[in-house]
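Fold and geometry: a report
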Amino acid sequence: MVDFTRKYDVLVIGGGNAALCAAISARRTGAQVLVLEGAPKFYRGGNTRHTRNMRCAHDAATDILTGPYTEQEFWEDLLRVTEGQTDEELARYMIAESKQILGWIAEQGVRWQPSLGGTLSLGRTNSFFLGGGRAMLNALYLTAEQLGVEILYDAEVVDLEIDRGMFLSAGLKQGEAVITVRASALVAAAGGFEANIEWTTS
């Protein structure tokens, strides 16, 4: 049962891959963490439930990847996909840091499947989750729970209190009431518009 009278060290809004990785990382440093997931437990994770793989830079073949995928090649692919509309400093930072992800996420209980063969050309660039996105989410949630991360489902955040750039609290809708959740830091990982069918069709 979540204690709304306490002040958490870290509040994570969202329940997908990014949210869970942030929550686990914070908890492993000793922070008291609360995750607010807007969906019910069965539908937790948003679009992450439907994903199959992730792309990270790596310098050599691995147990699950057939060859290297350099930072420069990743950057050039990103430029093509975005047609140059990207923040180079942020993108290059993300690409460099992505090299650590494959090992780290496996340490959190996520399993990878062997590289794909046949007609697909992704065996060198994309790492596929064994069991897909739902299996990855289940592994991350299990690790988070075992570490002591608190998770609240059906938790729609309707307001944020920010004073001079500092996060103070979030307003959580509970029935007809709005409850204040306080924390020292906020991770906003509630995802994009793809989960909103009305927005994607308008």
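Higher on the page you've got the structure.
Conventions adopted
- Residues numbered from 1 in each chain as written.
- Predicted model: local features only at pLDDT ≥ 70, side-chain atom pairs only at ≥ 80, totals over all residues.
- Heavy atoms only, no water.
- Phe/Tyr/Trp six-rings, centres within 6.5 Å; stacked < 30°, edge-to-face > 60°.
- Lys NZ or Arg CZ within 6 Å of the ring centre and 35° of its normal.
- Pairing = 2+ DSSP bridges.
- Helix = DSSP H or I, 4+ residues; strand = E, 2+ residues; numbered from the N terminus.
- Axes fitted to C-alpha atoms, helices over the stretch in contact; angles between N-to-C directions.
- Contact = heavy atoms within 4.5 Å.
- Buried < 20%, exposed > 50% of the residue type's maximum accessible area, 1.4 Å probe, protein only.
- 1 Å grid on protein atoms, 1.4 Å probe; cavity = no way out; pocket = protein on both sides within 12 Å on 5 of 7 lines; lining within 4 Å.
- Points joined across faces, edges and corners; volume = space filled by probe spheres on them.
- Nonpolar A, V, L, I, M, F, W, Y, C, P; charged D, E, K, R; others polar.
- Core = buried A, V, L, I, M, F, W, Y, C linked by side-chain atoms within 4.5 Å.
- Polar contact = N/O pair within 3.5 Å; in protein donor to acceptor, adjacent residues only side chain to side chain.

Glancing now at the packing of aromatic side chains. For any pair of aromatic rings, the description rests on two quantities: the centre-to-centre distance and the angle between the ring planes. Scanning all chains against the criterion turns up four aromatic pairs. For the cation-ring pair, Arg-44 lies above Tyr-141, with the distance from its terminal atom to the ring centre recorded as 3.9 Å. Above the ring of Phe-42, the side-chain terminus of Arg-134 is found at 4.7 Å from the ring centroid.

With that settled, the discussion passes to the sheet that holds strand 1 (residues 7-13). The six strands are arranged 5-2-1-8-7-6 in an open sheet whose pairing can be described as mixed. Every other strand in the sheet has two partners, leaving strand 5 (150-152) and strand 6 (156-163) as the edge strands with one partner each. Strand-to-strand, the axes of this sheet are offset by a mean angle of 40°, without reference to chain direction. The pairing of strand 1 with strand 2 (residues 33-36) spans four bridges and is classified as parallel. The partner of Leu-11 across the bridge, within strand 2, is Leu-34. Along the sheet, helix 1 (residues 17-28) makes contact with strand 1, strand 2 and strand 8 (177-188), crossing strand 2 at roughly 170°.

Moving on, we get to unusual backbone geometry. The phi angle at Glu-83 is positive, at roughly 55°, despite the residue not being glycine. Mapped onto the elements of the fold, Glu-83 is located in the loop between helix 2 (71-82) and helix 3 (88-97). Classification of Glu-83 as exposed rests on a relative accessible area of 70%.

Taken as a whole, the second largest pocket spans an internal volume of roughly 410 Å³. In terms of residue count, the dominant contributor to the lining of the second largest pocket is helix 3 (three residues). Of the residues in the lining of the second largest pocket, the class split is six nonpolar, three polar and two charged.

Once that is clear, we can look at the nonpolar core. Within the largest apolar cluster, 30 residues are counted, with the highest numbers of intra-cluster contacts made by Val-33, Ile-105 and Leu-140. Each residue touching Leu-140, except ones within four places of it in the same chain, is listed here: Asn-17, Leu-20, Cys-21, Ile-24, Ile-105, Gln-108 and Val-110. Judged by nonpolar contacts, the second largest core, of 13 residues, contains Tyr-8, Leu-152, Ala-155 and Ala-183.

As a further point, take the environment of Lys-99. Counting through the fold element by element, Lys-99 comes out in the loop between helix 3 and helix 4 (101-107). For Lys-99, a relative accessible area of 31% translates into the label partly exposed. The sequence separation of Lys-99 and Gly-84 amounts to 15 residues, and the corresponding C-alpha distance is 23 Å. If we ignore the near neighbours within four places in the chain, the residues touching Lys-99 are Ala-57, Asp-59 and Glu-71. Engagement of the side chain of Lys-99 in a polar contact is seen with the side chain of Glu-71, the distance being 3.0 Å.

With that settled, the discussion passes to the side chain of Asn-53. When you line up the elements, Asn-53 lands in strand 3 (residues 53-55). Its relative accessible area of 19% is what places Asn-53 among the buried residues. Within the local environment of Asn-53, its side chain forms a polar contact with the side chain of Asn-126, the two groups lying 2.7 Å apart. Filtering out sequence-adjacent residues up to four positions away, Asn-53 remains in contact with Asn-126, Ser-127, Phe-128 and Phe-129.

Before going further, it helps to examine the pairing of strand 8. Across six bridges, strand 1 lies against strand 8 in parallel orientation. Along strand 8, the bridge assignment pairs Tyr-8 with Ala-183. Note: strand 7 (residues 166-174) against strand 8, six bridges, orientation antiparallel. When the bridges of strand 8 are listed, Gln-174 appears paired with Ala-177. Between strand 7 and strand 8, which pair antiparallel one after the other, the connecting turn spans two residues, and Gly-175 there sits at a positive phi close to 65°.

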